[in-house]
Amino acid sequence: MRRLPAVLALLAALVLLGGGPALAEPPFDVPEQVTDRAGVLVGDESSVEAAVAELQAEDQLQLFVVYVDSFDGLDQEEWATRTAELSGLGGNDVLFAVAVEDRLYAYNPPADFPLSREEIEEIIASDVEPELSAGDFDGAAIALAERLGSSGGGDGGDGGSGVGTVAVVGGIAAVAGGAYLVSRSRRRRQGPPPTQRIERPDPHAGVPTEQLEAQASTALLELDEAVKTSRLDLDYARLQYGADAVAGFAEALTASEQDLSRAFTLRQELDDEHPEDEPTKRRMLTEMLQATAAADARLDEQAEGFDRLRDLERTAPQALDALASRATALRGRLPADEERLAALQRRYAPAALAPVADNPAQARARLDAAEQEITEARSELAAGRAAAAVGDIRVAEDALAQTGTLLDALVRLGDDLQAAEARVAQVRAETEEDLAEARALIAGGTGAGLRSQVARAEAALTAADAAARPGDGGLPDPLAALRQLEEADIALEQALGVARDAEQRARRAAASLDQALLTARSGIAAAGDFISTRRGAVGPEARTRLAEAQRHLDLAVAQGRTDPVGALREAQLADTLAQEALRRAQSDVAGWGGGGYGPGGFGGGHGPGGFGGGRGGVDLGSLVLGGILFGGGGAGGYGGGYGGGSRGGFGTGGGSRGGGRRPGSFGGSRSRGRSGGGRF
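Nothing here was measured: the structure is a model prediction, and the numbers come from that model. (Residues numbered from 1 in each chain as written. Predicted model: local features only at pLDDT ≥ 70, side-chain atom pairs only at ≥ 80, totals over all residues. Heavy atoms only, no water.)

Summarising burial for strand S3 (residues 93-99): 7 of the 7 residues are buried, a large majority. Both faces of S3 are covered, namely the face carrying Asp-93, Leu-95, Ala-97 and Ala-99 and the face carrying Val-94, Phe-96 and Val-98. In the sheet, strand S2 (residues 62-68) pairs with S3 via 7 bridges, with the strands oriented parallel. Note that in S3 the partner of Tyr-67 across the bridge is Val-98. (Buried < 20%, exposed > 50% of the residue type's maximum accessible area, 1.4 Å probe, protein only. Helix = DSSP H or I, 4+ residues; strand = E, 2+ residues; numbered from the N terminus. Pairing = 2+ DSSP bridges.)

Right under this line is the structure:
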């Protein structure tokens, strides 16, 4: 979670004390026809822009849609009047303003508007207000544009009569002062505005692109940390209180995870081999910042309620008992899992086991630290310092969760290697059949253009044999062999695709899909476990590739029954991205100097005593590598971190920062001011 600038932090504090709304927006000069300062249209701006462009082209009305968090303590009429004056809006301009956090909207047609007040209220009540209440903010704007265009709001040709008088706003008064009247008169004389779409200005104008990219990458990392921490917090709360008690938090986290996924997709598009021009790159970086900000704010809104749910200061003794029991169980697992790794090392190549080679050592370090934190927490409780014990509990929870992940990853990879070993011979035989078919086409004179793909498949087959049965007497890597066979399959699919009909292609793809999904899932699990337990050292590139790998795997599963050919491509791409994610993460860890990428200054301190030191001999290096603590930096959020730092997420602690909505902002009867408007 990111800390807001000092001014916004002060505003947030005022909210908690009963003052004005957080993230308030004073009236401003509206820069474009769709202005989303509340972050509610992320990914949907184009649909709203299309609707307002159509209204402008067909009815000569410019609809200006504005979403903000709050109307800055002003009533909707006053806020929109000032905004209209600052923006110089005229008789052909339609401004629709919504304060998302206040749950307020308003409108004010001019006196000569062709629709009656009752008709306008009916449009808002029947088509716009339900969309707002449901959180469909793009749908609300589109519905308004469509109804204005279909309800006789303009005749498309008089240049300033009925059409030129329309202004639907949250509080644009018909008499708003001399400056506004002068502006209206000037625009009337100029005739209707041009129908071309107004270009959206760069909201970060003046910020160098490199700096904007760094901001977006930092925001992406911090949100990824916040989501991971929130997921851990939610899992513990679900175990303690049941799924029903955390349903609202789970929904908020799922929505924020979707925003995070969208931001990762944008980052992957920026990182691919197709460079974007400067305006496109800046637009995509802006979308990344909007998506991360929206997700961040959503988690903020849930923090205070989550703090109340867990209330670790009150339930600390029970939480410590549960943690101690889990630590004992994990301690009992360690010897068997260490022997498991030794057995795997005797059976498989070092490269096959690289993702888990140091997992037992890392697990032991995390477990030692967790047990020490539990001891420290009990001491704090005995001394009557329950608040101080909460920070120790949070670190112990995270350390134990990572201990379990590290040991489970070792077991999973062993199972995957064994399954791959059992399938290599069968998959190789199928590949040989395809290769024979391609060679026959070439020999028959109908496959002259297939030679390069056949050569590629033959090379992949040779590499697969080397991985499965090393000629130097080395140990095998079955997963690498399967990946090489899949490479051969890709080449042969390209070679034989023209010769095979659609039915044959679908049948062959379906036969290969299960194997491709198995390989992709194994690769994603290995990369995910490695990154999640070493995230203090892992940068945005590896995390981006992992997120994209999961997205493509989900697509492969969804398309499996209806489009096996497409699903196969998605699964193979998912595995390729997962392998790249793992390589980048391993490179990050290999070059890690202890500072890390995680929130807390991106390389900040590590608490008293340095690595291996600190309180009670806690292995701080292991905890920082795991992203469990980041010294005194912190990423905002709510959880009391080690040594007073805080971590993002739903966690409980002394540094709690609740978002939430102002009392009374939801529900109640719909009220209308003299200029029209209400709540949703």
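Back to the write-up after that little detour.
Here the focus is the environment of Ala-357. Tracing the backbone through its elements, the reader meets Ala-357 in the loop between helix H11 (350-353) and helix H12 (359-382). Ala-357 sits in the partly exposed class, given a relative accessible area of 43%.

At Arg-103, a residue that is not glycine, the phi angle is positive and equals roughly 60°. In this structure, Arg-103 sits in the loop between S3 and strand S4 (104-106).

Burial runs high along S2: 7 of the 7 residues are buried. Side chains of S2 alternate between two faces, with Gln-62, Phe-64, Val-66 and Val-68 and Leu-63, Val-65 and Tyr-67 buried alike. Of the pairings in the sheet, the one linking strand S1 (residues 34-36) to S2 comprises 3 bridges and is parallel in character. Across the sheet, residue Thr-35 finds its bridge partner in S2, namely Val-66.

Take the layout of surface pockets next. By volume, the second largest pocket amounts to about 1,100 Å³. Lining the second largest pocket are 33 residues, with Lys-228, Arg-231, Glu-257, Gly-528 and Ser-532 sitting closest to its centre. Only helix H7 (209-241), helix H8 (247-271), helix H13 (386-443), helix H16 (502-532) and helix H17 (540-559) provide two or more residues apiece to the lining of the second largest pocket. Among the elements that make up the lining of the second largest pocket, the one with the highest residue count is H7 (8 residues). Split by residue class, the lining of the second largest pocket holds 13 nonpolar, 7 polar and 13 charged. Three or more residues apiece are contributed to the lining of the second largest pocket by two domains, here domain 2 (213-413) and domain 4 (506-591). (1 Å grid on protein atoms, 1.4 Å probe; cavity = no way out; pocket = protein on both sides within 12 Å on 5 of 7 lines; lining within 4 Å. Points joined across faces, edges and corners; volume = space filled by probe spheres on them. Nonpolar A, V, L, I, M, F, W, Y, C, P; charged D, E, K, R; others polar. Domains from an automatic or database assignment.)

Attention now moves to the packing of aromatic side chains. On inspection of all chains with the given rule, the structure shows 2 aromatic pairs. Seen from their ring centres, Tyr-67 and Phe-137 are 5.6 Å apart, and the 75° between their planes marks the pair as edge-to-face. With Tyr-67 in strand S2 and Phe-137 in helix H5 (residues 137-150), this pair connects stretches of sequence that are 70 residues apart. Phe-137 carries the same exposure label as Tyr-67, and that label is buried. A centroid spacing of 5.1 Å and a plane angle of 80° characterise the contact between Phe-249 and Phe-306, whose relative ring orientation is edge-to-face. Pair noted here: Phe-249 is in helix H8 and Phe-306 is in helix H9 (residues 278-310), with a separation of 57 residues, a long-range link. There is no split in this pair, since Phe-249 and Phe-306 are both buried. (Phe/Tyr/Trp six-rings, centres within 6.5 Å; stacked < 30°, edge-to-face > 60°.)

Turning next to the nonpolar core. Leu-417 and Leu-485 are the most contacted members of the largest nonpolar core, which totals 32 residues. For this core, the secondary structure elements donating two or more residues are helix H10 (312-347), H11, H13, helix H14 (451-468) and helix H15 (478-496). Here this core takes 10 residues from H13, the largest share from any one element. Two domains each provide a minimum of three residues to this core, namely domain 2 (213-413) and domain 3 (419-504). Beyond its immediate stretch of four places on either side in the chain, Leu-417 contacts Tyr-348, Ala-352, Leu-353, Asp-477, Pro-478 and Leu-479. (Core = buried A, V, L, I, M, F, W, Y, C linked by side-chain atoms within 4.5 Å. Contact = heavy atoms within 4.5 Å.)

Where H10 contacts H13, the axes come no closer than 8 Å and their chain directions differ by 25°. Taken together, the axes of H10 and H13 lie roughly parallel to each other. Seen along the crossing, H10 lies across H13 with a hand that is left-handed. Within the contact of H10 with H13, the residues separate by chemical class into 19 nonpolar, 4 polar and 10 charged. (Axes fitted to C-alpha atoms, helices over the stretch in contact; angles between N-to-C directions. Parallel < 35°, antiparallel > 145°, perpendicular 65-115°, else oblique. Left-handed = near helix turned anticlockwise from the far one by under 90°.)

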